[in-house]
Amino acid sequence: MLLGIVKESATGEARVALLPESLKPLLAQGIKVTVESGAGIAAGASDEAYSAAGATVSADRAAILAEADVLPVVNASAAADQAQLKPGAVVVGFLKPLDAIEALLTAIDRPATLFSMELVPRISRAQSMDALSSMATVAGYKAVITAADRLPRMFPMLMTAAGTVPPAHVFVIGAGVAGLQAIATARRLGAVVEAYDVRAAAGEQVRSLGAKFLDVDLGGINTEGGGGYAAELTEEALDRGRDLITKTAAHSDLVITTALVPGRPAPRLIRRAAVEAMRPGSVLVDLAAPAGGNCELTKPGVTQTVGGVTLLAPLNLAAEVPADASALYARNILNFLALIVKKGEITIDLSDEVLAGACVSHDGKPVNPRVAKILESRAAPLAR
Ligand code: NAD
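Residues numbered from 1 in each chain as written. Predicted model: local features only at pLDDT ≥ 70, side-chain atom pairs only at ≥ 80, totals over all residues. Heavy atoms only, no water.

### Brief notes about the layout of surface pockets
Where we set the bar: As defined here, a cavity is a set of points on a 1 Å grid over the protein atoms alone where a 1.4 Å probe fits but cannot get out. A pocket is an open set with protein on both sides within 12 Å along at least five of seven lines, and residues line them when an atom is within 4 Å of a point. Grid points are joined across faces, edges and corners, and a volume is the space filled by probe spheres set on the points. When residues are grouped by polarity, Ala, Val, Leu, Ile, Met, Phe, Trp, Tyr, Cys and Pro land in nonpolar, Asp, Glu, Lys and Arg in charged, and all others, Gly among them, in polar.
One number sums up the size of the second largest pocket: a volume of about 160 Å³. Surrounding the second largest pocket, Thr146, Val285, Gly301, Val302, Thr303, Leu312, Ala313, Pro314, Leu315, Asn316, Leu317 and Glu320 form its lining. Taken together, the residues that form the lining of the second largest pocket break down as seven nonpolar, four polar and one charged.

### Some details on empty space enclosed by the protein
Under the defined criterion, the tally for this structure stands at one cavity of 30 Å³ or more. In this structure, the largest cavity spans a volume of roughly 100 Å³. Looking at the largest cavity, it is lined by 13 residues, and the ones nearest its centre are Ala76, Ser77, Gln82, Leu85 and Val91. Across the lining of the largest cavity, the residue classes tally to 11 nonpolar, two polar and no charged.

### Focus: helix 8 (residues 201-208)
Given 3.6 residues to a turn, an α-helix orients residues that are three or four positions apart in the same direction. This is how the line gets drawn: Exposure classes here rest on a 1.4 Å probe applied to the protein chains alone. A residue is buried below 20% of its type maximum, exposed above 50%, and partly exposed in between. Going along the chain from the N terminus, every DSSP run of H or I of four or more residues is numbered as a helix, and every run of E of two or more is numbered as a strand. As used here, the arc belongs to the directions running from the helix axis to the C-beta atoms. Contact definition: two residues touch when any of their heavy atoms are within 4.5 Å.
Among the residues of helix 8, those classed as buried are Ala202, Gly203 and Val206. Each buried residue of helix 8 lies within a common arc of 105 degrees when the element is viewed along its axis, so the set occupies one face. Pointing more than 90 degrees away from the buried face of helix 8 are the exposed residues Glu204 and Ser208. Contacts from the buried residues of helix 8 go to helix 7 (177-188), strand 10 (192-196) and strand 11 (212-214). Phi turns positive, to about 85 degrees, at Gly210, one or two residues after helix 8.

Take a look at the structure:
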């Protein structure tokens, strides 16, 4: 069996699906690993390191695509690459099947078996495969570091002979995985941190990190949508949050916003007026930009200055910490591969809820019901 690792082709993508140190358990099963030359360079893994770990390094991308039985990837590759896949090959990665199924059709038709890391069910058994949480952790950290670099002030309170430097005030909206890591990072740098989330359960976690949790009276409505996620709120409830955000942003040097509701566009929580009320020099990082953004001024992927406030809307912040992001991702991938590669052989048991949940398509047919629905709705207009 051959496992292939190709260089990621998406613009700005510096991560790699597996690092040299990830290869040992695969090679021990007699699996051959071929890595495209340069695949790990941006993540700090040289061709020599892959060779030393026991992989073959090759410049022939087409041959790797055509011969690999398993291809762990970070992002889906382009249609031209997919057209070269070996029929029956297994591709595992952030394939975005719910956002961009069209971009996977060539691979589905090969047919390749596609597993999407975004669709791995977030159940206890699959926690070690939760790549979304891994990347949210990295993004939460990097949001603070990126903003710290832009801020015209320091984070910690300093008492010097020249007087006292006050601490920076950071406001984090959405205290899920990314938000909690942003809070922890800002606290480590010495900032005073406030945070808001609609889920009351987040309050305890926020306080345990030494930050202040801001409560909003939402009239006792249910804010939990199941699985630990937020529910979609009414406009009235959202407005109460927006008022609190406008008030808190006005005295914050940095606002990091991460609020998401699964399967929905990001809630619009930050009004133009809230950005205009922020002091010049302050920074807003909208980590919800890939889902449209939490701020009504956000243009995903674009950095803007609005009245002296820098508004960042990064689309792939985890890729800006490629070594650690790849290391975490590689562990998630290895844990996932352990479900489908046993003793050097591929065995796909779709009665396993983790595999069935993550499987986009097998033998040319959709498996995950949400993917099936998207494919059906896509087929309908064509049939007319
Ligand atoms: P997420 O990315 O979907 O959302 C980020 C945060 O935004 C959440 O905390 C959510 O409550 C908050 N939010 C949504 N709408 C909001 C609004 N209108 N105003 C303010 N905040 C709003 O969530 P996530 O970070 O992936 O995870 C959230 C929770 O899910 C975790 O804290 C955890 O309890 C659970 N979780 C479980 C697993 C697992 O079991 N494997 C893995 C990851 C997360």
